[in-house]
Amino acid sequence: MKKKTLPFDKDLFKRSVLYNVKTLYRKTMEEATPQEMYQAAAYAIKDAIVDHWMTTQKAAAEQDPKIVYYMSMEFLMGRAFGNNIINLQAYKAVKDALEELDIDVNVLEDQEPDPALGNGGLGRLAACFLDSLSTLGYMAYGCGIRYKYGMFRQKIQDGYQVEVPDAWLENGNPFELRRNEYAKEVKFGGYVTMYTDDMGRTMFKQEGYQVVKAVPYDLPVIGYGNGVVNTLRIWDAEPIQCFQLDSFDKGDYQKAVEQENLASQLCEVLYPNDNHIAGKELRLKQQYFFISASVQTAVQKYMQNHDDLRKFYEKAVFQLNDTHPTVAVAELMRVLMDDYQFSWDDAWDVTTKTCCYTNHTIMAEALEKWPVDLFQRLLPRIYQIVDEINRRFVDQIMRKYTGSAGIDVQAKIRSMAILYDNQVKMAHLAIVGGHSVNGVAKLHTEILEKRELKDFYEMMPEKFNNKTNGITQRRFLLHANPLLAEWVTNKIGDGWITDLSQMDKLKAFANDKKAQNEFMEIKFKNKERLAKYILEHNGVKVDPKSIFDVQVKRLHEYKRQLLNILQVIHKYNDIKTHPSKDFYPKTYIFGAKAAAGYLTAKLTIKLINSVADVINNDPDIGGKIKVVFIEDYRVSNAELIFAAADVSEQISTASKEASGTGNMKMMLNGAVTLGTLDGANVEIVNEVGEENAFIFGLTSQEVMEYEKNGGYNPMDIYNSDPNVKKVLDMLVDGTFSEDKELFRPLYNCLLNTINSSKADQYFILKDFESYLEAQKRISDAYQDKKRWAKMALLNTASCGKFSSDRTIKEYVDEVWHLDKVELQ
Ligand code: 73E
């Protein structure tokens, strides 16, 4: 039986492109610039999408399925054009049509700015989830912010990172729709007054506030081959026109100006910090802004075709992507009580049944805590509600534990209260205000239950669950690696595109010599493709026959790019002192953005580039190793990099990386993991087998044990291991910089001689020897061509579990309980 594919009218598309070039630019195709052609083609694709979008929304209105609202400060969508035509199953038709117009689809795709409304894993996860929700046929809204400037673009100048604003909207966004009719008002500041309504009830009202208009922009999220189109709704802020102000504000010129300023600042820029919260007032404003607008919309949408708001949770669920959207708990309470006259208990019942929270990190610096006075000043009514939630919760703790033998009730309150030490603890609010708390990998959830959130887990174990992250194979294999995608389809059919567990069938080819050769030949071609990119962008020539050893991710101490580059320095010494020793050539590829104010991270980038300079230009090395730092690592070049990776460096300090998702993307593309037993690496090794991964270093248990006992003394290692001593000394002896002191801060991070308990907090020296040994195993394994091919192939074959489709199914079955929408 031939599978049904979505209809796509190639000729109509062609006509539409020509027409768009004419009406948008008054030009013919010959006159149009590549950017103009991209715009014309994108509008033509949008045309095709809109039909499916309307059909989906109509079916949903009739069938009234439950909807998930995925609330997130970040959606790292990556380019839409290629992905959209893939999911419309129109890639080939569009490619052919464009060819007939003498346009190369790849050139066109490169015209699109990379929408980067996110920092890293957390934002990209949200994007993968939307792709899976549509593909599986569930109704979903992504709710977020339309930042005018997304993640900064990174330039490398003299080895240093320079941040350049990301004006992604400069040429407009052909796929978005401004929906003025759904605009909402969001109120900040002022004070709360009490009044009695006609029914004699005591009511609360915010007055003397500033107000901004939240305007939604809708972006289509297309399911693969099923015609389902969901919506990513991102909010922009606009000033309210003065004549719209209520009577209190009429004529208040000062206030009008303030409101205008507020509106212009709100959505200006994404905070470029990953796994770190700076606690800025504007960030809290951003959070409340998009949450208030989203919550109001969700309630209003429900009320259009239902009358009993007490059953809201039967049709809506809010998934909070980390604590950043947690004000949703209090905002839903506010809307229910203040706008719909709910009692506290009724509102609480609905709210807790609607909200769910995902925890993504245990890094202390990423914990969101707001000073009470700031929170209260900015959100007076919300604060009042949080205060009451806290009062009731503390009561509950006391009722539960007072009189229990051996339990210190005050200690419980200290560890669990939402308001404590003059701070609002957002994670606590999210846990108390919802019915589900999940971690993002087995190990991470275990650490939450046993350590970070132990008291909560003991008090409410039924809320806790694990949802191991996943990635979409549509973007990260079908789009990113067309050669491998085609090969897989030839071997096992195309079922894997919507059911990644079918990759298992590839295991039958693991020992097949021909299959192995084909697989490695594809890897080689992808390495050539990346080598070309590196030559064009870095001016460095790399050998596609060398091992491509890749570490691409945000720069953070816990991710230990420093461990990697120290190992490279060691290898450099090794080759210099033993020039005739057999060594298989390796290319170390780095890509990473550092938060603008994170000095250690920025200095690590400089070090990587300085080491690259020395090694790449040292004739003694003869090209045996090369070091490349890829500028401006982002979703679009990530797709090239993953496809070309032989070795996937996942070397975080065990217990620190909640899950990781780059690890899964590289596995999917046939890279072998060199990693610690951290995050989802543990599950990757479980799936692929220990013999097909290279694991090293302390376990999370061991790390946590050291931490409990105040760390360890790296000086002991420095003094006893001459390799370590040599490498560290080179950081401060001028080898990599004329200014000997330049890298001193990194040296001091490792060997803090003043306060040894602050030295090497990420166990870099502790894991160094074990890491070297794992690198050696990799080099040996690679030289056994057959063994390597089998390993690489088995990695691709074993990645079935790591599809975000699987993750979403688990959320649906165990937490959200959504119904599928059926299209005719
Ligand atoms: O391990 C990753 C995880 O794979 C984790 O560090 C990341 O989330 C990914 C998806 O689950 C993450 N990012 C943040 N917290 N965890 C974060 C925190 C504050 C601001 C921005 C991002």
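One numbering rule holds for all chains: residues counted from 1, following each sequence as written. The predicted origin of the model limits local features to residues at a pLDDT of at least 70 and limits the giving and counting of side-chain atom pairs to 80 or more, whereas totals for whole chains, interfaces and linings rest on all residues. Side-chain measures here rest on the full set of heavy atoms in the structure, leaving out hydrogens and waters.

**Thoughts on the pattern of salt bridges**
Step number 1: Salt bridge, as used here: a side-chain nitrogen of Lys or Arg that lies within 4 Å of a carboxyl oxygen of Asp or Glu. The final tally for this structure, using the stated rule, is 59 salt bridges.
Step number 2: Residue arginine 79 is joined to aspartate 110 by a salt bridge in which the shortest nitrogen-to-oxygen separation is 2.8 Å. Of this pair, arginine 79 sits in the loop between strand 1 (67–71) and helix 3 (81–87) while aspartate 110 sits in the loop between helix 5 (105–109) and helix 6 (121–136); the two residues are 31 residues apart in sequence, bridging distant segments of the chain.
Step number 3: Of the residues examined, arginine 79 reaches a relative accessible area of 16% and is grouped as buried.
Step number 4: Aspartate 110 sits in the exposed class, given a relative accessible area of 51%.
Step number 5: The partner of lysine 285 in a salt bridge is glutamate 281, and the shortest N-O contact between them spans 3.8 Å. Working definition: helices are DSSP H or I runs of at least four residues, strands are E runs of at least two. Numbering for both runs from the N terminus. Type-normalised accessible area, obtained with a 1.4 Å probe on protein chains alone, sets the label of each residue: buried when under 20%, exposed when over 50%, and partly exposed for intermediate values.

**A word on the pairing of strand 18 (residues 547–552)**
Step number 1: Burial within strand 18 is extensive, with six of its six residues counted as buried.
Step number 2: Burial along strand 18 is two-sided: Ile547, Asp549 and Gln551 and Phe548, Val550 and Val552, pointing in opposite directions, are all buried.
Step number 3: By definition, the crossover connecting two strands over a helix is right-handed if that path, from the first strand to the second, turns clockwise as seen with the strands pointing away from the viewer. One crossover worth recording links strand 18 to the parallel strand 19 (residues 586–591) by way of helix 20 (residues 561–577), and it is right-handed.
Step number 4: Strands were regarded as paired on the criterion that DSSP finds at least two bridges between them. Alignment of strand 18 against strand 21 (residues 647–650), held across two bridges, turns out to be parallel. Across the sheet, the residue bridging to valine 550 is serine 648, located in strand 21.

**Quick word on the sheet that holds strand 13 (residues 369–371)**
Step number 1: Pairing is antiparallel across the open sheet formed by three strands, whose spatial order is 13-15-14. Looking at the sheet topology across the chains shown, the edges are occupied by strand 13 and strand 14 (419–420).
Step number 2: The sheet contact formed by strand 14 and strand 15 (residues 423–425) spans two bridges and is antiparallel. For leucine 419, the partnering residue across the bridge sits in strand 15 and is valine 424.

**Quick look at the confidence of the model for the chain**
Step number 1: Averaged over all residues, the pLDDT of the chain equals 97, while 98% of them reach at least 70.
Step number 2: With a pTM of 0.98, the predicted complex shows an ipTM of 0.99. Across the chain, each position has a pLDDT score giving the predictor's confidence in that residue, from 0 to 100.

**So, the sheet that holds strand 22 (residues 672–675)**
Two pairing modes exist for strands in a sheet, parallel and antiparallel, and in both the strands are linked by backbone hydrogen bonds.
Step number 1: Reading across from one edge, 20-19-18-21-22-23 is the order of the six strands in this open sheet, with parallel pairing throughout. Here the strands that pair on one side only, and so sit at the sheet edges, are strand 20 (625–629) and strand 23 (694–695).
Step number 2: Relative to strand 20, strand 19 runs parallel, the two sharing five bridges. Residue phenylalanine 590 lies in a different strand from strand 20, and its bridge partner there is phenylalanine 629.
Step number 3: Across the face of the sheet, helix 30 (residues 785–797) comes into contact with strand 21, strand 22 and strand 23 while running at roughly 90° to strand 22. Whether two residues touch is decided by their heavy atoms; if any such pair falls within 4.5 Å, the residues are in contact. Convention adopted: a line fitted to C-alpha atoms gives each axis, helices being fitted over their contacting stretch, and angles between N-to-C directions are expressed from 0 to 180 degrees.

**As for the site of the ligand**
Step number 1: The environment of the ligand is formed by 19 residues, the closest being Asn275, His360, Asn469, Glu657 and Gly660.
Step number 2: In the model, an oxygen atom of the ligand is placed 3.3 Å from a nitrogen or oxygen of the alanine 658 main chain.
Step number 3: Between N or O atoms, a polar contact is any pair within 3.5 Å; within protein, one atom must be a potential hydrogen donor and the other a potential acceptor, and residues adjacent in sequence are included only when both atoms are from side chains. Measuring from an oxygen atom of the ligand, one finds a backbone N or O atom of serine 659 at 3.1 Å.
Step number 4: For the area figures, the Shrake-Rupley method with a 1.4 Å probe applies, and any residue is considered shielded solely by the protein chains shown. When the ligand is considered free in solution it has 480 Å² of accessible area, and contact with the protein chains removes 98% of it.
Step number 5: Three classes are used: nonpolar for Ala, Val, Leu, Ile, Met, Phe, Trp, Tyr, Cys and Pro, charged for Asp, Glu, Lys and Arg, and polar for all others, with Gly counted as polar. For the shell around the ligand, a count of residues per class yields six nonpolar, 10 polar and three charged.
Step number 6: The split of the chain into domains comes from an automatic or database domain assignment. Looking at which domains feed residues into the shell around the ligand, each of domain 2 (64–78 + 114–469 + 809–816) and domain 3 (478–698 + 764–799) supplies at least three. In these notes, residues near a molecule or strand are those with any non-hydrogen atom within 4 Å of it.

**Comments concerning the environment of proline 325**
Step number 1: You can see proline 325 is positioned in the loop between strand 11 (316–321) and helix 9 (327–339).
Step number 2: On the basis of relative accessible area, proline 325 is assigned to the buried category, the value being 0%.
Step number 3: Sequence separation between proline 325 and leucine 765 is 440 residues, and the spatial gap between their C-alpha atoms is 38 Å.
Step number 4: Apart from residues lying up to four places away in sequence, proline 325 is in contact with Met71, Ser72, Phe290, Ile291 and Leu320.

**Thoughts on the packing of helix 6 against helix 31 (residues 804–816)**
How two helices pack is summed up by the angle between their axes together with the distance between the axes.
Step number 1: Put simply, helix 6 and helix 31 touch, their axes get as near as 9 Å, and they point 75° apart. The angle between the axes of helix 6 and helix 31 places the two elements in the roughly perpendicular class. The residues of helix 31 that touch helix 6, namely those facing Cys128, Phe129, Ser132, Leu133 and Leu136, are Ser804, Asp805, Thr807, Ile808, Lys809, Tyr811 and Trp816.
Step number 2: Its residues assigned to classes, the contact of helix 6 with helix 31 comprises seven nonpolar, three polar and two charged. For classification, angles of less than 35 degrees are called roughly parallel, those exceeding 145 degrees roughly antiparallel, those between 65 and 115 degrees roughly perpendicular, and all remaining angles oblique.

**Structural notes on the packing of aromatic side chains**
One pair of aromatic rings is described through two measures. These are the centre distance and the angle between the planes.
Step number 1: Think of it this way: a Phe, Tyr or Trp ring, Trp meaning its six-membered ring, pairs with another when their centres are within 6.5 Å, and the plane angle makes it stacked under 30 degrees, edge-to-face over 60, tilted otherwise. All chains considered together, the criterion is met by 24 aromatic pairs.
Step number 2: A ring pair is formed by phenylalanine 375 and tyrosine 383, whose centres lie 6.3 Å apart and whose planes are at 65°; its orientation type is edge-to-face. Like phenylalanine 375, the residue tyrosine 383 is buried in the burial classification.
Step number 3: Pairing phenylalanine 393 with phenylalanine 456 gives two aromatic rings, centres 6.2 Å apart and planes at 5°, and the pair type is stacked. Here phenylalanine 393 is found in helix 12 (residues 380–401), whereas its partner phenylalanine 456 is found in helix 16 (residues 454–459), with 63 residues between them in sequence.
Step number 4: For phenylalanine 393, a relative accessible area of 1% corresponds to the buried category.
Step number 5: Judged by its relative accessible area of 2%, phenylalanine 456 falls in the buried class.
Step number 6: Three or more aromatic residues joined by ring pairs form one cluster here, namely Tyr69, Tyr141, Tyr302, Phe312 and Phe318.
Step number 7: The ring of tyrosine 401 has lysine 412 lying over it, and the distance from NZ or CZ to the ring centre is 4.9 Å. Placement of a positive charge over a ring is assigned whenever Lys NZ or Arg CZ falls within 6 Å of the ring centre and within 35 degrees of the normal to the ring plane.

**Considering helix 18 (residues 482–492)**
Step number 1: Where helix 18 is concerned, the buried positions are Leu484, Ala485, Trp487, Val488 and Ile492. Around the axis of helix 18, the buried residues are gathered within 165° of arc, so they sit on the same side. Opposite the packed face of helix 18, turned more than 90 degrees from it, sit the exposed residues Glu486 and Asn490.
Step number 2: In this structure, the buried side of helix 18 is in contact with helix 17 (473–479), helix 19 (513–538), helix 23 (662–668) and helix 30.
Step number 3: Looking one or two places after helix 18, you find glycine 493, whose phi comes out positive at around 85°. Throughout, the arc means that of the directions going from the helix axis to the C-beta atoms.

**Re the domain arrangement of the chain**
Step number 1: Here the chain is partitioned into domain 1 (1–61 + 85–111), domain 2 (64–78 + 114–469 + 809–816) and domain 3 (478–698 + 764–799).
Step number 2: Domain 1 and domain 3 are separated by 35 Å when their C-alpha centres are compared.
Step number 3: Each side of the interface is counted separately: domain 1 has four residues, and domain 3 has four residues.
Step number 4: Two parts placed together each lose some accessible area; with a 1.4 Å probe, that loss summed over both constitutes the buried area. With both chains or domains summed, domain 1 and domain 3 bury close to 290 Å², and 55% of this area falls on carbon and sulfur atoms.
Step number 5: Our count for the domain 1 to domain 3 interface comes out at one residue pair in polar contact (both at pLDDT 80 or more).

**Comments concerning the UniProt feature "modified residue: N6-(pyridoxal phosphate)lysine" (unreviewed entry) in the chain**
Step number 1: UniProt positions are given in the numbering used here, feature names are shortened, and annotations may be inferred rather than shown by experiment. UniProt's feature table lists "modified residue: N6-(pyridoxal phosphate)lysine" (unreviewed entry) at Lys665, given in the numbering used throughout.
Step number 2: With respect to the helices, strands and loops of the structure, lysine 665 is situated in helix 23.
Step number 3: For lysine 665, a relative accessible area of 6% corresponds to the buried category.
Step number 4: Residue contacts for lysine 665: discarding those within four places in its chain leaves Arg124, Ile471, Phe476 and Phe642.

**Examining the packing of helix 1 (residues 10–25) against helix 4 (residues 91–100)**
Step number 1: Interhelical geometry of helix 1 versus helix 4 gives an angle of 50° and a closest axis separation of 10 Å. The orientation of helix 1 relative to helix 4 falls into the category oblique. Between helix 1 and helix 4 lies a crossing of right-handed hand. Contacts between helix 1 and helix 4 involve Lys10, Phe13 and Lys14 from the first element and Ala93, Val94, Asp96, Ala97, Leu98 and Glu100 from the second.
Step number 2: Residue composition of the contact of helix 1 with helix 4, by class: five nonpolar, no polar and four charged. Whether a crossing is left-handed or right-handed is set by the direction in which the near helix is turned from the far one by less than a right angle, anticlockwise for left-handed and clockwise for right-handed.

**Side note on the environment of aspartate 339**
Step number 1: Relative to the assigned elements, aspartate 339 resides in helix 9.
Step number 2: Expressed as a C-alpha distance, the spacing of aspartate 339 and alanine 774, which sit 435 residues apart in the sequence, is 61 Å.

**As for the pairing of strand 1**
Step number 1: Of all five residues in strand 1, five are buried; the element is thus mostly enclosed.
Step number 2: A two-sided burial pattern is seen for strand 1, the buried positions comprising Ile67, Tyr69 and Met71 on one face and Val68 and Tyr70 on the other.
Step number 3: Pairing between strand 1 and strand 11: five bridges, direction parallel. Each residue of the ladder has a partner; that of tyrosine 69, found in strand 11, is phenylalanine 318.
Step number 4: Alignment of strand 1 against strand 2 (residues 140–145), held across four bridges, turns out to be parallel. Residue pairing for strand 2: tyrosine 69 is matched across the bridge by tyrosine 141.

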